[in-house]
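These are the residues of each chain, in order.
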Amino acid sequence: MKNKLYTAIGLMSGTSMDGVDVSLIRSDGFNQFTNVLDEYFEYNENLHQQLIKLRNLILSSNDLKLYSSRLNELEREITIFHSKIVSEMSLKYQDEIDFVGFHGQTIFHNPKQKISKQLGDGRLMSQLVKKRVIYDFRQEDLANKGQGAPLTPIFHNLLSKRINEKLQINFPLCFLNIGGISNITKIIKKDEKLEENLEAFDSGPGNCMIDEWVRKNSKNNFDENGSIAKSGKINQLILNQVIDNFKIDSFDKSLDVKDFDISFARGLSLEDGCATITNFTAYLIAKGIEHANGNNIKPIKYLVCGGGRKNTFLIQSVKDYLLHKKNISLNSIEDYNLNGDFIESQAFGYLAIRSFLNLPISYPKTTGCELPTIGGKLVKNF
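A few points on the structure. (Residues numbered from 1 in each chain as written. Predicted model: local features only at pLDDT ≥ 70, side-chain atom pairs only at ≥ 80, totals over all residues. Heavy atoms only, no water.)

**Looking at the environment of S355**
Positionally, S355 belongs in helix α13 (residues 343-356). A residue is classified by how much of its surface remains accessible, and S355, at 9% relative accessible area, is buried. C-alpha separation for the pair S355 and F137, spaced 218 residues apart in sequence, amounts to 8.8 Å. Aside from chain neighbours lying at most four places away, what touches S355 is I134, I374, G375 and G376. (Helix = DSSP H or I, 4+ residues; strand = E, 2+ residues; numbered from the N terminus. Buried < 20%, exposed > 50% of the residue type's maximum accessible area, 1.4 Å probe, protein only. Contact = heavy atoms within 4.5 Å.)

Have a look at this one:
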């Protein structure tokens, strides 16, 4: 007997703060999954700049109080923007939408203080769209002594099963997501108890330093396809110095964009700074991959998703750092008939369903929580 299928909209706005990825999915919260529709909605420039400026001001928990009125105003604007998207997606899909998985826009993340602040008012959204909304996904994990991130590994596990059904891939299998921060999910075997089978961690910066450099030194918001970095020259002296001076000592802590500073590239041209920062980012990602690989000598595939997979200079630089690891291969997730732009938005639709069913969304080996943790708050405000 099959489990009941639910329809959910997943909303994800990442650390680039440029817009919202939206996915409409159907799933039973276990192994059944169908992706129905994916779309991207860009923030207008004013909202984009407001978010970046405010995030740069929120450096501590005290700043959350200091700028509370501005945060509240922006949260309302963000919620209305997301709600219009939900209404538009609902019109395109005539059947009933059971849940909306509303991640919101992260403005501050500090696991040490047990604080992860996402702008997004689930009660207001529920009132506006007349649907059940599940939001605030990270708080229960933090309360359970977890890092609050990453939350997508359980969805990666589901995707690995779907891929294996069609292509008979080998395990262990890894997902490398390069968003603002990069993270890795390692799936050890084809079928195993989730708590034992999943390992995950934030592995370093992704696009965050590159984006910040480009924003501060040009009229662009990111380095499209790595073209700026390609046109520059890596400053080897500066690169060697920053590699010597900066180490990720532990991979058991979640990371935030504020953990990474681009001041080491000060004085370089737009192109040379971008090339140097991108190569440093690649170095840290490669170190994360080496950590995930451990002493494994079998061939292991890394399926690359997230916006960073499109930066060919970054991906080639990561591969260059891994040349001595003959058993590691980086593969675009598109090679497996999946759209790497919408993995996280699909994931939050899936997490919303699991949350409703009181199923865990995080595990000790994915976020460091003490016990498998059910996350998300359900609100029906209509």
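**Considerations on the sheet that holds strand β8 (residues 181-187)**
Sheet strands pair by backbone hydrogen bonding; their relative direction is either parallel or antiparallel. The strand order across the open sheet formed by five strands is β9-β8-β7-β10-β11, and the pairing between neighbours is mixed. Each having just a single partner strand, β9 (198-205) and β11 (328-332) make up the two edges of the open sheet. Recorded for the sheet is a direction-independent mean angle of 25° between the axes of neighbouring strands. The sheet contact formed by strand β7 (residues 173-178) and β8 spans six bridges and is antiparallel. Opposite L176, over in β8, you have I184 as the bridge partner. Here helix α12 (residues 312-321) sits on the sheet and contacts β7, β10 (300-305) and β11; the angle it forms with β11, its principal contact strand, is near 165°. (Pairing = 2+ DSSP bridges. Axes fitted to C-alpha atoms, helices over the stretch in contact; angles between N-to-C directions.)

**A look at the packing of aromatic side chains**
This model, assessed by the stated rule, comprises 12 aromatic pairs. On the basis of an interplanar angle of 70° and a centroid distance of 5.5 Å, the ring pair of Y283 and Y321 is categorised as edge-to-face. Of this pair, Y283 sits in helix α11 (residues 270-293) while Y321 sits in helix α12, placing them 38 residues apart in sequence. Classification of Y283 by relative accessible area gives buried; the value is 13%. Of the aromatic side chains, those joined through ring pairs into one cluster are F246, F260, F264 and F280. (Phe/Tyr/Trp six-rings, centres within 6.5 Å; stacked < 30°, edge-to-face > 60°.)

**A look at unusual backbone geometry**
Excluding glycine, residues mostly have negative phi values, and the peptide bonds linking residues are mostly trans. In this structure, the amide linkage connecting A149 to the following residue, P150, adopts the cis form with an omega of -10°. Position of P150 relative to the elements: it lies in the loop between α5 (139-143) and α6 (153-167). A cis amide bond, omega 5°, links F171 with the succeeding residue P172. Turning to its location among the elements, P172 is positioned in the loop between α6 and β7. Positive phi values are uncommon outside glycine, yet M17 reaches one of about 55°. Among the secondary structure elements, M17 is positioned in the loop between β1 (6-13) and β2 (19-27). Using a relative accessible area of 0% as the deciding quantity, one classes M17 as buried.

**Overview of the layout of surface pockets**
Empty pockets left among the atoms are what a rolling probe the size of a water molecule brings to light. Looking at the second largest pocket, its volume works out to about 500 Å³. Forming the walls of the second largest pocket are 21 residues, and the residues nearest its centre are K112, K253, S254, L255 and D259. The residue makeup of the lining of the second largest pocket, split by class, is seven nonpolar, six polar and eight charged. (1 Å grid on protein atoms, 1.4 Å probe; cavity = no way out; pocket = protein on both sides within 12 Å on 5 of 7 lines; lining within 4 Å. Points joined across faces, edges and corners; volume = space filled by probe spheres on them. Nonpolar A, V, L, I, M, F, W, Y, C, P; charged D, E, K, R; others polar.)

**Concerning helix α4 (residues 122-129)**
Note on helix geometry: an α-helix contains 3.6 residues per turn, so any two residues three or four positions apart are oriented the same way. The set of residues buried in α4 consists of G122, L124, M125, S126 and V129. For α4, the secondary structure elements touched by its buried residues are β1, α3 (68-92), β4 (99-110), β6 (133-135) and β12 (377-379). N-capping of α4 is provided by D121, with a side-chain oxygen placed 3.1 Å from the backbone N of R123. Phi turns positive one or two residues past the end of α4, at K130, with a value near 60°. (Polar contact = N/O pair within 3.5 Å; in protein donor to acceptor, adjacent residues only side chain to side chain.)

**Regarding the side chain of D202**
Structurally, the position occupied by D202 is in strand β9. Here L255 takes part through its backbone nitrogen, which lies 2.8 Å from a polar atom of the side chain of D202. Setting aside residues no more than four positions away along its own chain, D202 makes contact with A149, P150, I181, S182, N183, F251, K253, S254 and L255.

**What about the pattern of salt bridges?**
Within this structure, the stated rule accounts for 11 salt bridges. The residue E39 makes a salt bridge to K92 at a minimum N-O spacing of 2.2 Å. Within this pair, whereas E39 is found in strand β3 (residues 33-42), its partner K92 is found in helix α3, the two being separated by 53 residues in sequence. Judged by its relative accessible area of 44%, K92 is partly exposed. A single network of salt bridges, built from pairs that share partners, joins R309, K310, E334 and D341. (Salt bridge = Lys/Arg side-chain N within 4 Å of Asp/Glu carboxyl O.)

**Re empty space enclosed by the protein**
Throughout the structure, instances matching the rule amount to one cavity of 30 Å³ or more. Its residues assigned to classes, the lining of the largest cavity comprises one nonpolar, two polar and two charged.

**Quick look at the state of the cysteines**
As enumerated under the stated definition, the model contains zero disulfides in all. The structure places no disulfide on C174, whose sulfur is separated from the nearest cysteine sulfur, that of C305, by 12 Å. Free cysteine: C274, not disulfide-bonded; nearest cysteine sulfur from C208 at 13 Å. (Disulfide = S-S within 2.5 Å.)

**Some words on the pairing of β4**
Buried residues dominate β4, accounting for 11 of its 12 residues. Looking at chain direction, β1 and β4 are connected through five bridges and run parallel. From the neighbouring strand, A8 faces β4, where its bridge partner is F99. Where β4 lies against strand β5 (residues 115-119), five bridges are found, and the strand directions are antiparallel. When the sheet's bridge partners are listed, Q105 is paired in β5 with L119.

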